[in-house]
Amino acid sequence: MSGWEIFTWISVIILGFGSIIVFILFLKDVPELLKKSEKEPS
Amino acid sequence: MYSLATIDYIIIVIYLFMMVGVGIWFSKRHSNFDDYFLAGRSLTTPILITTLISTYYGIDVLFGDSQLAFTDGVVAWFGYARPTYAFFLIAAFLLANRLKKEDFRSLPEILDKYYGKKARYIGALASFIYSLPALSLYGFGMLGNVIMGWPPFVGMLILGGIALVYTLTGGFWAVALTDSIQFVMMCVVLAIAVPFAFNIIGGFDTMIEVLPIAYFESMGDLSIWLIIIYASTGLTILVEPTFYQRIFAAKSYKNVRNALVIGIFIWGSYDWVVTILAMAAKAGAIQGIIQANVAPDASLLTIMVVALPAGVLGLFMAGVLSTEMSTLDSYCLVAGGNVAYDFYKPALKPDAGDDELIQKTRWGVGLSWILGFIMAISFDQMLGLWVFMASILISSVLVPILGGLFFPKFHKPLAGQLSAGLGLASTIILNMYIMIQGTFVVAEETYVLHMGSLEIFQEYLMYLTVPISFMGYMLGIIFGKEKRS
C-alpha cells in the first residue's frame, strides 16, 4: 500500500468515525442544551 | 439530470422533512435576543465542532476543491486547502480568547467598541453583503436540477426555502441543531463513498497507474503567486462572521479552542477525501467508466452516481444538500443580526427590547434571502460574484478588527472609519470595474482586465484593497483623535 493510500484510509477513519464520535458526544449534551433552551414565555 | 432510484428520492424527502421538523420543534418564543441569536451562550465543544465545520464548508468547497483535484491532483489539498488550517490555529489560540473576554454579540459591535458607530455601520454593511446567500441559492438551483430535474429557480425556492423556514422560526438553536445532523451526514457519506469509488475504478494502485505523475506532486504546476492567493483566502477565517457568532455563543473560551483544534483534523480529512474522490473521477474518465468530457465541477457527483448503490446514493445526495443547507442557514442568520442588532438598534431604536430585536432579525433573515435569490437568478458568472463577496469582508474589516483587538493604543474613530470605508469602497468600485470592463476567461474561470501588456485577474484585486484599507487605518491613527468613552 502506498503512502498516499495509507493517508487516505487514515483520513476516511478520522472523517467517518471521528464525526460519529463527535455526534455521539453532541447527543450526550443535548438534554443539558435543551434544558437551557426551555424558557418561560415572554 | 442523474437518474436516481426510488429509495434515493425517499431518503432525500425524509431528510428534508426532518430539517423542517427540527426547525419547527424549536419554533417557540425565545425569551431574549441572546437566546434567539446566540443560543443563550451555552454551546459546548461537540456542538461547536459540528456547527463550525458544517457552516464553513459548503458546496463551494465540495465542488471547488473537487474541480481543482480533478484537473490538477493532490495540489488541491496541499496548495489550496492546507494553508487554511494555519488560520484555524491562529483563530483558536490568538483570537478566540480576546473575543470571548468581551460581551460581544456581533462582529460589527467590535468596531463600535473600538472606533464608534460609523465604523460599525460600515462593518455591518460589509458583513451583510458577505453573508448574502446568493451562492448557496445558486447551488440549490443546480442541485435541484441535477437531483430532481427541477428548473433552477424551483430548486432555489424549495431547497433554499426549507433552510429559510427553520432559520426564521428556530433561530440559532435550530441552526446549530440542524447543523449537527448535517455535519454527521456530510462526513459519514463522504467516508462511505471512498471504498465504492475505489471499487469501480479498480483500486488505489490503478488510480496511481492511470493518472499523470503530476497529479501526485504536492504543489503541481501552480505558480507561487497563485499559491499565495489561495493561501490568503484563509484570511477570511480571521474575520468570518459565522465563526465570531459561534465564539460568542460558546460556553467558554476553552470550548471554542478545543472545537477549533479538533475541527482541524476533521476539516483536513474532509478536504483530503474530496480530493481523492475527484482524482478517482479523473481515473474513471480516463478509463471510460464515466464520460471523458465530464465537467470538472460535476466530476464528484458523476462518479458517485456510477459507484454508489441505490439507497447509499440517496444518503450521499442528502449529504450534499446538508453541506449547503448548513451554510445558508448560518449566513442568513448573521445577515439578519446585522440588520437588527448592528443597524436598526444603534441607528434607529436604541431602546429596542428583545422581542423587537428578534422580530427585526427575522426581517433581516428574510431580506438577505430575497436579495440572495435575486442575485442568484440575475448573475451569469457566479464565480466572479463569489470572488467579489469573499473579498469584501477581508478588505474592509480585517485591518480595523485585528488592529482593535491587538493594538489598544490605536482606538481612534477615524482609523476605523477610514480603514473600513476605503476598504469597502475600493472593493466595490474595483470589482465592478473589472466585471464590466474585463472579460470572463473560461479557461482561467475569472474576470481578466487587460491593460496594455498587463493582465489583471479579479482575484488579485485584494492585493490593492487590503493595502488601501491599511493606508486608511494609518491615516486615521496619524490625524484622528482619541475615542471619547
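This structure is a prediction, so every number in the text was calculated from the model and none was measured.

### Description of the overall build of chain A
Secondary structure assignment for chain A yields one helix and zero strands. When burial is assessed residue by residue, chain A has 36% of its 42 residues classed as buried. Of the roughly 2700 Å² of accessible surface on chain A, 72% is carried by carbon and sulfur atoms.

### Quick word on the packing of aromatic side chains
For the structure shown, the criterion picks out 34 aromatic pairs over all chains. Here the aromatic rings of Phe7(A) and Trp272(B) are separated by 4.9 Å at their centres, their planes lie at 65°, and the arrangement is edge-to-face. Of this pair, Phe7(A) sits in helix 1 (residues 3-37) while Trp272(B) sits in helix 14 (residues 253-287), placing the two residues on different chains. On the accessibility criterion, Phe7(A) (32% relative accessible area) is partly exposed. Each ring, one from Phe33(B) and one from Phe37(B), has its centre 5.1 Å from the other, and the planes form 10°; the classification is stacked. Taken together, the residues Phe33(B) and Phe37(B), both in helix 2 (residues 33-38) and four residues apart, mark about one turn of the helix. Residue classification places Phe33(B) among the buried residues on the basis of a relative accessible area of 1%. A cation over an aromatic ring shows up here: Arg120(B) above the ring of Tyr341(B), its NZ or CZ 5.1 Å from the ring centre. A cation sits over an aromatic face here: Lys360(B) above Trp363(B), 4.4 Å from the ring centre.

### Some remarks on the pattern of salt bridges
Where charged atoms from two side chains of opposite charge approach closely, those side chains can pair. Residues and elements named next belong to chain B. Going through the model one piece at a time under the given rule, you end up with nine salt bridges over all chains. A salt bridge links Lys113 to Glu102; the shortest N-O distance between them is 3.3 Å. Of this pair, Lys113 sits in helix 7 (residues 107-115) while Glu102 is found in the loop between helix 6 (83-101) and helix 7, placing the two residues eleven residues apart along the sequence. Residue classification places Lys113 among the partly exposed residues on the basis of a relative accessible area of 39%. Overall, Glu102 belongs to the partly exposed group, its relative accessible area being 29%. Overlapping salt bridges bring together Asp34, Arg41, Asp103 and Arg105 as one network.

### Some remarks on the side chain of Ser396(B)
Residue and element names in this part refer to chain B. When you line up the elements, Ser396 lands in helix 18 (residues 382-406). Only 2.7 Å separates the side chain of Ser396 from the backbone oxygen of Ile392, close enough to count as a polar contact. For Ser396, the contacting residues outside a window of four places in its chain are Ala126, Ser419, Ala420, Gly423, Leu424 and Ser469.

### Structural notes on the pairing of strand 3 (residues 454-457) of chain B
Sheet faces and side chains relate simply in a regular strand, where the side chains alternate between the two faces. Residue and element names in this part refer to chain B. Two elements, strand 2 (residues 446-451) and strand 3, share four bridges in a ladder whose sense is antiparallel. The partner of Val448 across the bridge, within strand 3, is Phe457. From the end of strand 2 to the start of strand 3, which pair antiparallel, there are two residues, and Gly452 there has a positive phi angle of about 65°.

### Notes on the sheet that holds strand 3 of chain B
Residues and elements named next belong to chain B. One open sheet accounts for three strands, arranged 1-2-3; its pairing is antiparallel. Two strands close off the open sheet at either side, each with one partner strand: strand 1 (439-441) and strand 3. Across the sheet, the mean angle from the axis of one strand to that of its neighbour is 40°, orientation sign disregarded. Sheet analysis places strand 1 next to strand 2, joined by three bridges and oriented antiparallel. Looking at the pairing, Phe440 lines up with Tyr447 of strand 2. Of the strands in this sheet, strand 1, strand 2 and strand 3 touch helix 19 (residues 413-437), which is tilted by about 85° from strand 2.

### So, the confidence of the model for chain B
Residue and element names in this part refer to chain B. Summing up the model confidence of chain B, the mean pLDDT is 88 and the portion of residues at 70 or higher is 97%. Here helix 12 (residues 224-232) stands out as the least confident element of chain B, with mean pLDDT 76; helix 8 (residues 117-131) is the most confident, with 95. The ipTM assigned to the predicted complex is 0.90, against a pTM of 0.89.

### Some words on the domain arrangement of chain B
Residues and elements named next belong to chain B. For chain B, the assigned domains read domain 1 (6-378) and domain 2 (381-485). Each of domain 1 and domain 2 was reduced to a C-alpha centroid, and the two centroids are 24 Å apart. Taken together, the contact pairs 39 residues of domain 1 with 35 residues of domain 2. Contact between domain 1 and domain 2 buries roughly 3300 Å² in total, counting both sides, with carbon and sulfur atoms accounting for 79%. Among the residues of domain 1 in contact with domain 2, Tyr114, Tyr115 and Val239 are the three that bury the most area, contributing 22% of the side total. Put simply, domain 1 and domain 2 have four residue pairs in polar contact (both at pLDDT 80 or more) between them.

### So, the packing of helix 9 (residues 134-148) of chain B against helix 10 (residues 152-201) of chain B
Residues and elements named next belong to chain B. Closest axis-to-axis distance for the helix 9/helix 10 pair is 7 Å, and the angle between their directions is 110°. In terms of axis orientation, helix 9 runs roughly perpendicular to helix 10. In the crossing of helix 9 with helix 10, the sense of the turn from one axis to the other is right-handed. Side by side, helix 9 and helix 10 meet where Leu137, Tyr138, Phe140, Gly141, Gly144 and Asn145 of the first sit next to Pro152, Gly155, Met156, Leu159 and Gly160 of the second. Looking at the contact of helix 9 with helix 10 residue by residue, the class counts come to six nonpolar, five polar and no charged.

Reading the values: rules and limits
Residues numbered from 1 in each chain as written. Chains lettered and ligands numbered in written order. Predicted model: local features only at pLDDT ≥ 70, side-chain atom pairs only at ≥ 80, totals over all residues. Heavy atoms only, no water. Helix = DSSP H or I, 4+ residues; strand = E, 2+ residues; numbered from the N terminus. Buried < 20%, exposed > 50% of the residue type's maximum accessible area, 1.4 Å probe, protein only. Areas by Shrake-Rupley, 256 points an atom, 1.4 Å probe, with all protein chains shown as cover. Phe/Tyr/Trp six-rings, centres within 6.5 Å; stacked < 30°, edge-to-face > 60°. Lys NZ or Arg CZ within 6 Å of the ring centre and 35° of its normal. Salt bridge = Lys/Arg side-chain N within 4 Å of Asp/Glu carboxyl O. Polar contact = N/O pair within 3.5 Å; in protein donor to acceptor, adjacent residues only side chain to side chain. Contact = heavy atoms within 4.5 Å. Pairing = 2+ DSSP bridges. Axes fitted to C-alpha atoms, helices over the stretch in contact; angles between N-to-C directions. pLDDT = per-residue confidence, 0-100. Domains from an automatic or database assignment. Buried area = accessible area lost by both parts, 1.4 Å probe. Parallel < 35°, antiparallel > 145°, perpendicular 65-115°, else oblique. Left-handed = near helix turned anticlockwise from the far one by under 90°. Nonpolar A, V, L, I, M, F, W, Y, C, P; charged D, E, K, R; others polar.

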